[in-house]
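Structural overview for review
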Amino acid sequence: MPRILIAGCGYLGQATADLLHERGWKVEGWTASAPSARQLAAKPYAVRAVDVTNRAAVSSVHEEFDVVIQCASSGGGDAEEYRRIYLAGARNLLHAFPRTSLLFTSSTSVYAQKRGDIVDETSPANPAHEKGQILREAEELVLSHNGMVARLGGIYGPGRSFLLRKFLAGEGVPDDAGDHFVNQVHRDDIVSALLLLVERRADLGRQIYNVVDNQPILARDTYQWLSAKLQRSLLTGKVAAGRKRGDSNKRVSNRKLRALGWEPRYPNFVVAMTESILPSFGFEG
Ligand SMILES: NC(=O)c1ccc[n+]([C@@H]2O[C@H](COP(=O)([O-])OP(=O)(O)OC[C@H]3O[C@@H](n4cnc5c(N)ncnc54)[C@H](OP(=O)(O)O)[C@@H]3O)[C@@H](O)[C@H]2O)c1
């Protein structure tokens, strides 16, 4: 039975752990806090609180794993928090499990392209913002230890959608002047991608894969679609709030991952909203 550690058993980590357990893997999940671990006590696999930023705590774990997926999140913290969670976290995991394959969940925010360019894994990834630079450093560290990197688009899924929440809060502003593409991916499609990557890790080796749906979409189009679908008007005349991670504007390609046979169950925003996300928020799909 292959053994896997999900270091960061949150929104994505839990769904990944559930599927891997179903597929016969021996799973262990880690959270930062004991209360989060206790909430998962009914899971059919072990979940415990081990802080990836604490080298002594990570090194004191004596279990062996075939694969570790690092998907702890900084929860939107500052650059210092990024350094701790992503970079020190990766260092600690590599140090504690030197013979184990590490799959690091990074972000498509590392691509800084600005003109709506199509970007793939061979495109420059030179983020202007410090948090992106820290992610790149963590990626390089993992790759230099023969690990893999999954660059995830914005995660949405049951109970989670940044754009829908903004829209419902009246903050979904069609921003004609500075409109940009959003690159998203449904949680369950990330899970199927991670499963494929860990199953095929021996043939794939050190690689980067973008994990996004098939169709980047303009932010304005998402709000207009939601407005028509939910029959609520958009607040116009408001100024769109500044974006968190600078002003990149790109269309991220998933071609490399699809060439492995992966197909997203939710290929675009409309299908994901209609068939999964709106119903999970209590709306008709
Ligand atoms: N959200 C997005 O749109 C997005 C986009 C691109 C990439 N990503 C990446 O995707 C991954 C998963 O994100 P998510 O949305 O599933 O995050 P999440 O729901 O916030 O879950 C994070 C999990 O990590 C745990 N954690 C946090 N700090 C930890 C630490 N120091 N040691 C051990 N565990 C720790 C948390 O435990 P507690 O509950 O105890 O805090 C929680 O279980 C992250 O790597 C994130 O950067 C996310």
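Preceding this paragraph is the structure being described.
Residues numbered from 1 in each chain as written. Predicted model: local features only at pLDDT ≥ 70, side-chain atom pairs only at ≥ 80, totals over all residues. Heavy atoms only, no water.

**Topic: the side chain of Lys166**
Counted only if it meets this: Helix numbers and strand numbers start at the N terminus; a helix is a DSSP run of H or I with at least 4 residues, a strand a run of E with at least 2. The buried label applies to any residue whose accessible area, calculated with a 1.4 Å probe on protein chains only, is under 20% of its type's maximum; exposed applies above 50%, and partly exposed to all values in between. His is not counted here, nor are the chain ends, while Lys and Arg score as positive and Asp and Glu score as negative. Every case where a carboxyl oxygen of Asp or Glu lies within 4 Å of a side-chain nitrogen of Lys or Arg is listed as a salt bridge. By definition in these notes, contact holds between two residues if any of their heavy atoms fall within 4.5 Å.
Along the chain, the position of Lys166 falls in helix α6 (residues 162-168). The side chain of Lys166 sits in the buried core without any salt bridge; Glu171 is the nearest counter-charge, 6.0 Å away. With residues near it in sequence (within four places) discarded, Lys166 still touches Glu171, Gly172 and Tyr223.

**Observations regarding the nonpolar core**
To keep things clear, this is the line we draw: In this text, buried Ala, Val, Leu, Ile, Met, Phe, Trp, Tyr and Cys residues form a nonpolar core when linked through side-chain atoms within 4.5 Å.
Core analysis: the biggest nonpolar cluster contains 36 residues, and Ile4, Leu20, Ile69, Leu197 and Val211 have the highest contact counts within it. If you list the elements that add at least two residues to this core, you get β1 (3-7), α1 (11-22), β4 (67-70), β7 (148-152), α7 (187-199) and β11 (208-211). Among the elements that line this core, the one with the most residues is α7, at 8 residues. Look past the residues within four positions of Leu20 in its chain and what remains in contact with it is Ile4, Ile6, Trp25, Val27, Ile69, Leu195 and Val198. Among the nonpolar cores identified, the runner-up in size contains 32 residues, and Val58, Ala72, Phe97 and Val212 belong to it.

**Re the sheet that holds strand β3 (residues 46-49)**
Here is the rule: Paired strands, in this sense, are two strands between which DSSP finds at least two bridges. Interaxial angle, 0 to 180 degrees, is taken between N-to-C directions of lines fitted to C-alpha atoms, where a helix line uses only the stretch in contact.
The strand order across the open sheet formed by 7 strands is β3-β2-β1-β4-β5-β7-β11, and the pairing between neighbours is parallel. Among the strands making up the open sheet, the edge pair consists of β3 and β11. Direction aside, neighbouring strands of the sheet carry axes that sit 20° apart on average. Each of β1, β2 (26-31), β4 and β5 (101-107) touches helix α4 (residues 79-96); the most contacted strand, β4, lies at about 170° to it. Together, β5, β7 and β11 form the strand contacts of helix α5 (residues 130-144), whose direction differs from that of β5 by roughly 160°.

**Some points on the environment of Tyr209**
Structurally, Tyr209 can be placed in strand β11. When its relative accessible area of 4% is taken as the criterion, Tyr209 is described as buried. For the pair formed by Tyr209 and Leu94, sequence separation is 115 residues and the distance between their alpha carbons is 20 Å.

**What to know about the packing of aromatic side chains**
Keep this limit in mind: Paired rings are identified among Phe, Tyr and Trp, the last through its six-membered ring, by centres lying within 6.5 Å, and are further divided according to the angle between planes into stacked (under 30 degrees), edge-to-face (over 60) and tilted (the rest).
Taken as a whole, this structure holds 6 aromatic pairs when the rule is applied. Seen in terms of ring centroids, Trp30 and Phe97 are 6.4 Å apart; in terms of plane orientation they differ by 50°. Their pairing is tilted. Here Trp30 is found in strand β2, whereas its partner Phe97 is found in the loop between α4 and β5, with 67 residues between them in sequence. Here the two residues Trp30 and Phe97 agree in accessibility, since each one is buried. Both rings, one in Tyr82 and one in Tyr86, keep their centres 4.9 Å apart while their planes meet at 65°; by these two values the pair is edge-to-face. A residue pair is termed a helical-turn pair when its members lie 3 or 4 positions apart in one helix, as Tyr82 and Tyr86 do in helix α4 at 4 residues.

**Some words on the site of the ligand**
As a reminder, the rule being used: Distances are taken per atom, and a residue is near a molecule or strand as soon as one of its heavy atoms is within 4 Å of it. Identification of polar contacts relies on pairs of N or O atoms within 3.5 Å, with a donor-acceptor requirement for protein atoms, meaning one able to donate a hydrogen and the other able to accept it, and with residues adjacent in sequence counted only if both atoms are side-chain atoms. Surface accessibility follows the Shrake-Rupley procedure with a 1.4 Å probe radius. Residue values consider only the protein chains on display as shielding. Residues are grouped as follows: Ala, Val, Leu, Ile, Met, Phe, Trp, Tyr, Cys and Pro are nonpolar; Asp, Glu, Lys and Arg are charged; all remaining types, including Gly, are polar.
In the vicinity of the ligand, 26 residues are found, and the nearest of them are Ser33, Ser36, Asp51, Tyr86 and Arg160. Residue Ser36 places a side-chain N or O atom 2.6 Å away from an oxygen atom belonging to the ligand. Taking 920 Å² as the accessible area of the ligand by itself, protein coverage stands at 80%. When residues of the shell around the ligand are traced back to their parent elements, those giving at least two are α1, α4, β5 and β8 (154-156). Ranked by residue count, the leading element in the shell around the ligand is β5, at 3 residues. For the shell around the ligand, the per-class residue count stands at 12 nonpolar, 12 polar and 2 charged.

Geometric descriptors of this kind do not, in isolation, establish any biological role.
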